[in-house]
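# Summary of the model geometry
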Amino acid sequence: MTDTLPDRAVGAESFRRALAVHASGVVVITAQADGVPVGLTATSFSSVSLEPPLVSFYVDRSSATWPRLGAADHFAVNILASDQADLAARFARKGIDRFAPPTRWRPGPLGAPLLRDVSAHLVCLPYERAEVGDHILVVGLVAEVDTHDSARPLLYHRGRFGRFLAHPDS
């Protein structure tokens, strides 16, 4: 099936513009690699299955962080709250120590860094990986969950971070 698609596929810029109108939640994926904390921002996070409890995210194959994060025996999904746009931007930036102040974190139950003041933590064990296009699909088995509060989520829309406002009828 994929052999026939390239002639019909839209261009990268058209595709990017179309996807920009879709709002997505923002998470930071963290792990320990050889005793050093690593992490990256992801907007491709989603639930996969309730039985077993699975979640997923995508990471660019060219990510400099992925080799270390992917080598870890577990990882944490830190679901960001609406006031954490600076944290999301920090973990998306290259060439900095993402865990240095002002980042606030603590080691989780299995050792992965857990960011402070997030809406929830999900500690995951690697479950499945697949190369899909120019990204790697990472599926994790959720081993631990810690929900902190019902703060509004941080969203990513049209290349910017934003906040959720509930519809008045909700």
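Residues numbered from 1 in each chain as written. Predicted model: local features only at pLDDT ≥ 70, side-chain atom pairs only at ≥ 80, totals over all residues. Heavy atoms only, no water.

### Things to note about unusual backbone geometry
Between Glu-51 and the following residue, Pro-52, the backbone shows a cis peptide bond with an omega angle of 0 degrees. Relative to the elements of secondary structure, Pro-52 occurs in the loop between strand S4 (46–49) and strand S5 (54–60). Omega for the bond connecting Pro-101 with Pro-102 falls within 30 degrees of zero, at 20 degrees, which places this linkage in the cis form. Note on placement: Pro-102 falls in the loop between helix H3 (85–92) and strand S7 (105–107). At Asp-34, a residue that is not glycine, the phi angle is positive and equals roughly 55 degrees. Here Asp-34 shows up in the loop between strand S2 (27–33) and strand S3 (36–42). The phi torsion at Asp-117 lies on the positive side, around 70 degrees, for a residue other than glycine. Locating Asp-117 in the fold gives a position in the loop between strand S8 (113–115) and strand S9 (120–132). (Helix = DSSP H or I, 4+ residues; strand = E, 2+ residues; numbered from the N terminus.)

### Topic: the environment of Ser-44
Note on placement: Ser-44 falls in the loop between S3 and S4. By relative accessible area, Ser-44 is classed as partly exposed at 26%. Along the primary structure Ser-44 and Ser-56 are separated by twelve residues, whereas in three dimensions their C-alpha atoms are 7.8 Å apart. In this view, Ser-44 contacts Ser-56, Phe-57 and Tyr-58; residues no more than four positions away in its chain are not counted. A distance of 2.8 Å separates a polar side-chain atom of Ser-44 from the backbone nitrogen of Tyr-58. (Buried < 20%, exposed > 50% of the residue type's maximum accessible area, 1.4 Å probe, protein only. Contact = heavy atoms within 4.5 Å. Polar contact = N/O pair within 3.5 Å; in protein donor to acceptor, adjacent residues only side chain to side chain.)

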